[in-house]
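# Coordinate inspection notes
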Amino acid sequence: MSMSVLADFTAAVLMPCATIPRDHTIVHVNLGIPEMDGLAMYLTFHAKTPVANLADINECIEGISNCSIDAVCNNTKGSYNCTCRPGYSGNGQTSNENRAYTLQVDNEEVHVYCHMTNDLMGCGGDGWTLVMKMNGTKQTFRFESDLWSDKNAFNRVGGVTGFDQQETKLPTYWSTPFSKICLGMRIGSQINFIVINQRANSLHSLIADGQYRSTSAGRNNWKSLIGSQASLQHNCNKEGFNAVCSVQGFSKARIGFIANNENKCSSCDSRIGFGTGGNPDNSNTCGNLAKYSPDNGEQHIKGMGLGRQRCHENVTNQTRRSYCSDEESFSSKICLGMKINQQFKFIVIKKQVSSLSPL
């Protein structure tokens, strides 16, 4: 027997429902919203009700099933099942796994690792698309590397393996619009993440021209990427994209935070970031470098860095679409959208065709 609770709080709730697991009679649902503490207790109380006294919930009618849009939901006593529509195959359920997905980027199929679950502390959930990974002990993504300015992919195989030691740069770097970037840093076995709120056509558009663009994450957030060992000098405190001090040859970062012991941004000797370089150690290309009176002692920490973008709406729909795959690789639906001022409107046209071109 199933028991599900629909939480409809319009803008206050990002997910439309919270479903109680079917193999538990006592649960505690925590949606992470302070105003909903009472609701969590309410759910726990009612989950103790004897199973025989619970009425069946029709998940299909309530709209709380996990069936794909390309599958039919069939209610059963105490549960439901999903059956793929004609022309599709699979288990009929929506995909919400952390794995490699095939995305359509710049008219080509790109295999990209997407993190879809809500467990990246500091970044949140709803889908993150991998952009690049870099190793601070290597020179691949040093500040002067052409990989920051060109539109060439690097080691695509590394783009499907998650947060490991393989460096990579994917077409998402220059082709995917975003409003947030999730930055991750691995120091030993510890992985920390922060979010940078920035709207852009792509990460390439923020970096390739070499122009400085500020961010406002704050000194402490940048230090949280490194953890308790993080150290920076006290002054300057310049952060963003293409952060560079005025005197050539000193600390700089394609994405990061630089600081100085003097009350000016000239000869900076400390930094935290990605695609870094300059004195006092030009070999450190990702991580934390601090010298000359920093706030937590001198540091030479080389980390494994990762950059992810919040899934663009089209990408999110694509990655979360379903385990019902089109057997003939044909399109059966076309989504048409139009934006008038700030208002979006969409309609769906049902048409079985190999591509839009023949039509």
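Quick look at the structure, then. Model, not experiment: these values are computed from the prediction.

What counts as what
Residues numbered from 1 in each chain as written. Predicted model: local features only at pLDDT ≥ 70, side-chain atom pairs only at ≥ 80, totals over all residues. Heavy atoms only, no water. Helix = DSSP H or I, 4+ residues; strand = E, 2+ residues; numbered from the N terminus. Contact = heavy atoms within 4.5 Å. Pairing = 2+ DSSP bridges. Buried < 20%, exposed > 50% of the residue type's maximum accessible area, 1.4 Å probe, protein only. Polar contact = N/O pair within 3.5 Å; in protein donor to acceptor, adjacent residues only side chain to side chain.

## Focus on the side chain of glutamine 198
- For glutamine 198, the position within the fold is in strand S11 (residues 190-200).
- Beyond its immediate sequence surroundings of up to four residues, glutamine 198 is in contact with Phe178, Ser179, Lys180, Leu206, Ser214, Thr215 and Phe241.

## Details of the sheet that holds strand S17 (residues 299-302)
- Spatial ordering of the open sheet is given by S12-S13-S14-S15-S16-S17, a layout of six strands whose pairing is antiparallel. With one partner strand each, in any of the chains shown, strand S12 (213-214) and S17 form the two edges of the open sheet.
- Two elements, strand S15 (residues 270-277) and strand S16 (residues 286-290), share five bridges in a ladder whose sense is antiparallel. By the bridge assignment for S16, isoleucine 272 is matched with asparagine 288.

## Structural notes on the environment of asparagine 74
- Mapped onto the secondary structure, asparagine 74 falls in strand S3 (residues 71-76).
- Look at asparagine 74 and you get partly exposed, because its relative accessible area is 29%.
- A sequence separation of 14 residues divides asparagine 74 from cysteine 60, and the C-alpha atoms of the two residues are 6.7 Å apart.
- If sequence neighbours within four positions are ignored, asparagine 74 has contacts with Cys60, Tyr80, Asn81 and Thr83.
- Within the local environment of asparagine 74, its side chain forms a polar contact with the side chain of asparagine 81, the two groups lying 2.9 Å apart.
- Among the polar contacts made by the side chain of asparagine 74, one reaches the side chain of threonine 83 at a distance of 3.0 Å.

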